[in-house]
Amino acid sequence: MPEVRAARRSAFAGDAGLQALRSTFKAAFWTAGGFAARRASQRRDHDEAERFEPTTPPPDRLRLRRAWLEAFVKDAADVAAGLYPASEPMFSDPRRAFDAVEDLVKDAREVADRRRRKGGVEARSEAGSEAYPLYYRQNFHFQSGGWFTPDSARRYEPQVEALFSGAAGAMRRRALSLLARAWRGRDQRGLTVVDLACGAGAFLTDLKTAFPRARVMGLDLSPSYAREAAARSGAPVTQGHAERLPFADASLDAVSCIYLFHELPPKVRPVVAAEIARGLKPGGLLALADSVQPQDEPGLARLLEAFPAFFHEPYYASWQATDVEALFGEAGLSPAGSDKAFLTKAWLFEKSPPPLRRGGDGSA
């Protein structure tokens, strides 16, 4: 009803203002941090820039800025609608924030050197075990330490925020928006949601604040990232494989999965999709967020083309050609909604309930 919607907007207007204020600061801070990191690695990246031969036109600057701003606008609107609370500041004190930028700039030089020498599999020396899948033992993004070191886990969130000029959290929360809308009005008590491949725990923290009465858990294959996520979110985090989820059949009300599938080999994606479907209850939901594809943002195709050229992303090109709804449809999940902002698209999928059994007289 209009009266109810108006009252809800009024009740959360202060939260929306706080979210907008924090987003403005975050965008300015990480835009500056990203600029400093790129400047530090610019000379080292010169050869890579010379070798990159794009096939798509550069994005219109005004369109690019509007797409970036859209992430913050949608995020604030969802806070205003009461879908989830305003996000917490990334750092509790200014010194930690500036220390993170200093570390980011220093590591940017190492990343650029690794990019120049094509050091995409140096992380195999960090893994220390062949228990990890071979595809996982790589330096995705030319990340120092791959997914295996505490420094990598601590540094990850500043890196992605700097890369996307402060919009990473707002983009990810398109998936949270879809799940929160689907669960609006439901009693959260008794609901179980798992953040699959939870990384350093930023989205897991969002889930905890959005659904404080639900049972929220994380799962990640990296011990270092699992520890970082647990410390950041306060949620229990299990180390485990996405290909072999440690959950019983039909035991989960929802699964979230953020930026995982573009880092999986094509042959592994259906396996993980089937595992998610196995773990979901009938009517359970998957909230997925990953990179947009060219058909989603044709005007930003140059950025999508440049990403794997400058960051070690061996499976990204295949993701760009993946029919996402068909991938999850084959696992028994049906599309129930989608949204996008800047360079991220989110989908909501639902596990179909079992068909009704009919009696001999044709009745249900």
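To be clear, the structure that these remarks concern was listed above.
Presented here is an overview of the structure given in this document. Just so you know, these numbers come straight off a predicted model, no measurement behind them.

### A short note on the overall build of the protein
Part 1 of the reasoning: What the protein contains, in helices and strands, is 14 helices and seven strands.
Part 2 of the reasoning: Here the C-alpha atoms of the protein give a radius of gyration of 21 Å, agreeing with the 21 Å that 2.2 N^0.38 yields for 364 residues.
Part 3 of the reasoning: For the protein, the spread of C-alpha atoms along the three principal axes comes to 75 × 50 × 40 Å.
Part 4 of the reasoning: Every one of the 364 residues in the protein was classed for burial, and the buried ones make up 54%.
Part 5 of the reasoning: For the protein, long-range pairs separated by at least 24 residues make up 75% of all intrachain contacts whose partners lie at least 6 apart in sequence.
Part 6 of the reasoning: As displayed, the protein offers around 17200 Å² of accessible surface, 54% of which is attributable to carbon and sulfur atoms.
Part 7 of the reasoning: Of the charged side chains in the protein, 51 are positive and 46 negative, and the gap between their average positions amounts to 3 Å.

### Describing unusual backbone geometry
Part 1 of the reasoning: Unusually for a residue other than glycine, Ala197 sits at a positive phi of about 55°.
Part 2 of the reasoning: Tracing the backbone shows Ala197 in the loop between strand S1 (192–196) and helix H9 (202–210).
Part 3 of the reasoning: Overall, Ala197 belongs to the partly exposed group, its relative accessible area being 24%.
Part 4 of the reasoning: The phi dihedral of Tyr259 falls on the positive side, at around 60°, and the residue is not glycine.
Part 5 of the reasoning: Locating Tyr259 in the fold gives a position in the loop between strand S4 (252–258) and helix H11 (269–279).

Cut-off values and rules
- Residues numbered from 1 in each chain as written.
- Predicted model: local features only at pLDDT ≥ 70, side-chain atom pairs only at ≥ 80, totals over all residues.
- Heavy atoms only, no water.
- Helix = DSSP H or I, 4+ residues; strand = E, 2+ residues; numbered from the N terminus.
- Rg over C-alpha atoms; globule rule 2.2 N^0.38 Å.
- Buried < 20%, exposed > 50% of the residue type's maximum accessible area, 1.4 Å probe, protein only.
- Contact = heavy atoms within 4.5 Å.
- Areas by Shrake-Rupley, 256 points an atom, 1.4 Å probe, with all protein chains shown as cover.
- Lys, Arg positive; Asp, Glu negative; His and termini not counted.
- Charge placed at Lys NZ, Arg CZ, Asp CG, Glu CD.

Everything listed is a geometric property; what it means functionally is a separate question.
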